[in-house]
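The lines below spell out each chain.
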Amino acid sequence: MYWRGQARCDLEPVRLRRGTTEEMGATMEQETGVSAANALDVRDAAMRGGDARGSRRLRGALNAFGQMPVVQMLALIGLYSYTALRMIQKFGVLDPDIWWHMATGRWILQHHALPVTDPFSMYGATREWLVYSWAFDVGVQTLFARFGLVGIFLLQVAVHVLVAVAMYHLVKSLLPDFWRGVALTAVSLYAISLIYAPRPGMATLLFTILELGILLAVRRGENPKKLWLLPLIFVAWANIHIQFVYGLGLLGVFACEPIVMRVLRLAGEEETREAFARAKYLWAALGGCLLATFVNPYGPKLYSTVIEYMHQPKSYSLVVELKAMTFRQPEHYVAAFLALCAALAIGWRRERRPLWPMLLAIAAFVAFRSVKEIWFLSVIAACAIADGWTPLPVVRQRSLAEQSSEVWRNRAFVGAGVLAVLLLAYRRNDVSNDWIAMQVAGSFPEASVGYIDKHHLPGPLYNDFTWGGYLIWRLPQLRVANDGRTNVHGDARVEQDAKVWNGKPGWDSDPELAAANLIVADKKYALTELLRRDGRFRLVFEDQDAAVFVSAKQ
């Protein structure tokens, strides 16, 4: 039993008299030789040291884990598969231009020759047409004949993987740190993934990466004989895509760098002299590549198409893919972020040589002018960031046989892993010709084409710019009014097409519309509603996407 107040007193804190703490501290110092204040400092230092040792152990464990070959190979499998997996999940042959490329390949294979004039449109029937992408057209049509629409799918998967491999090896040649290289490559590939389409431009992306790798290797002092691979690349490039001129421009910038260095006095005499010594090989390679572009069915005349494209400024404000970045997609922000990081990296390193500032300025100009060129900015920016980030490591010398055996073993493992991942995604998403055809039917006027075929409706046909390529493919017996080949139709016709389909004043006086016996109209346009009230035409078919009108005289 407690006496009154005993429990309360037992629970109260003990209060020491004034000076007791100091006396205890003095006693401790006498007995141990360590003051109380120093003891607290020692304890705090021990705790901080323990935390530091724990952090170092954790970093060491993570570093050791990251350096494990299996972990790095798994990272490469993910890197090489990433953009292809994104494409597989939402794949569809939805690009409006792939159809006229396939139709061109079909025509070439049927006639065993290249067309002299445009065989697909009324306007181009008497106009010379240079099929600058004939090799791609024949190749893609051959794939379609063998595999159907799945062939287009397989082509895109292959290009996604090849671009990822080429981009990583380009970055790795500049940035030896494995994980930094993987991260930088992944960011660049994400920005590029927006513009992938089954077009010859895919070859331009791949060839540019390969060319840049060769040029940078020679710039670092490697054997300039590598430059003689470039004319072989340009022979293929000039027969696949007109943007081989980008490659010539890139080579020209490398060749002109010493001249800029001397004019602006950006480097010492010795460094400038060394740059000029390498530049003679670059100028020779530029001449060889220029001659290599003449190895095509049209020879130097192919450059007339380049000049024609240069005189089409209105297309950049009318064609969606040619417009500037809208920053409505995250890829646009990533590309801009890469450009900013590249500019900061160049400034941080205080570059005395003008190559990266020149290339970054050119790439930013073309990419911010047209979203179609976002790939060029992403590749250049990634290389500008990687170059000089960390010094090249000293690698332990091993026998050539040992290195070769390990490299090929690792490559086989990564290749098998990428193939397994893509096959699994292929099976899981049930990719088939029927599946792709359903997507096509939901994006193009397949039902309208079926109605026209069934009732043998005659032309002249009037259609919009976007659906022209599909109608070329599906209605080979009819010539279209317009399609995505701006080198055939020109700026004026693209602008007039936009005015008529948007119902601008004067739409009803368009001569091609007035002469039409058959109209395939996209219901998103104002013209479709105007035609319902136009006595010159009558509606014969309609679904949720399109309407078919014929002349009232029929």
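In case you missed it, the structure is sitting above this.
What you see is a predicted model, and the numbers here were worked out from it, not measured in a lab.

Undergrad: Looking at this structure, I do not really get helix α10 (residues 230-238). What am I missing?
TA: Each full turn of the α-helix corresponds to 3.6 residues, which orients residues three or four apart in the same direction. Every buried residue of α10 is listed here: L230, P231, I233, F234, W237 and A238. The arc that holds the buried residues of α10, viewed along the axis, is 155°, so those residues lie on one side. The inward-facing, buried residues of α10 contact α9 (201-219), α11 (244-264) and α12 (269-292).

Undergrad: Would you take a moment to explain the sheet that holds strand β3 (residues 537-542) for this structure?
TA: Strand order in the open sheet formed by four strands is β1-β2-β4-β3, with mixed pairing between adjacent strands. Every interior strand has two partners, whereas the edge strands, β1 (461-462) and β3, have only one. As judged from the two bridges shared by β1 and strand β2 (residues 518-522), these two strands associate in the parallel manner. Looking at the pairing, Y462 lines up with I519 of β2. Contacting β1 and β2, helix α22 (residues 486-501) crosses the sheet at an angle of about 80° to β2.

Undergrad: What is the right way to look at the pairing of strand β4 (residues 546-551) in this model?
TA: Two faces belong to every sheet, and in a regular strand the side chains alternate between them. By the criterion of burial, β4 is predominantly enclosed, with six of the six residues buried. Where β2 meets β4, five bridges bridge the pair, whose relative direction is antiparallel. Residue pairing across strands places I519 opposite F549, the latter belonging to β4. Two strands pair when backbone bridges link them, and β3 and β4 are joined in this way by five bridges, in the antiparallel orientation. Pairing of F541 across the sheet is with V548, part of β4. Hairpin connection of β3 to β4: three residues between the antiparallel strands.

Undergrad: Teacher, can you tell me more about the packing of aromatic side chains here?
TA: Aromatic ring pairs: the centre-centre distance and the angle between the two ring planes describe each pair. In this structure the tally under the stated criterion is 23 aromatic pairs. On the numbers, 5.5 Å between centres and 90° between planes, the contact of F244 with Y303 is edge-to-face. Residue F244 is found in helix α11, and its partner Y303 is found in helix α13 (residues 303-310); the two are separated by 59 residues along the sequence. An identical accessibility class is assigned to F244 and Y303; each is buried. Ring geometry for Y246 against W375: centres 6.1 Å apart, planes inclined by 25°, an arrangement best described as stacked. On the criterion of sequence distance, the pair formed by Y246 in helix α11 and W375 in helix α17 (residues 374-386) is long-range, its members being 129 residues apart. Taken together through their ring pairs, the aromatic side chains of W99, F144, F444, Y470 and W473 make up a single cluster. Over the ring of Y316 we find R369; its NZ or CZ atom is 3.9 Å from the centre of that ring. Cation over ring: R493 sits above Y123, and NZ or CZ is 4.2 Å from the ring centre.

Here is what the cut-offs are and how they apply
- Residues numbered from 1 in each chain as written.
- Predicted model: local features only at pLDDT ≥ 70, side-chain atom pairs only at ≥ 80, totals over all residues.
- Heavy atoms only, no water.
- Buried < 20%, exposed > 50% of the residue type's maximum accessible area, 1.4 Å probe, protein only.
- Helix = DSSP H or I, 4+ residues; strand = E, 2+ residues; numbered from the N terminus.
- Arc of directions from axis to C-beta.
- Contact = heavy atoms within 4.5 Å.
- Pairing = 2+ DSSP bridges.
- Axes fitted to C-alpha atoms, helices over the stretch in contact; angles between N-to-C directions.
- Phe/Tyr/Trp six-rings, centres within 6.5 Å; stacked < 30°, edge-to-face > 60°.
- Lys NZ or Arg CZ within 6 Å of the ring centre and 35° of its normal.

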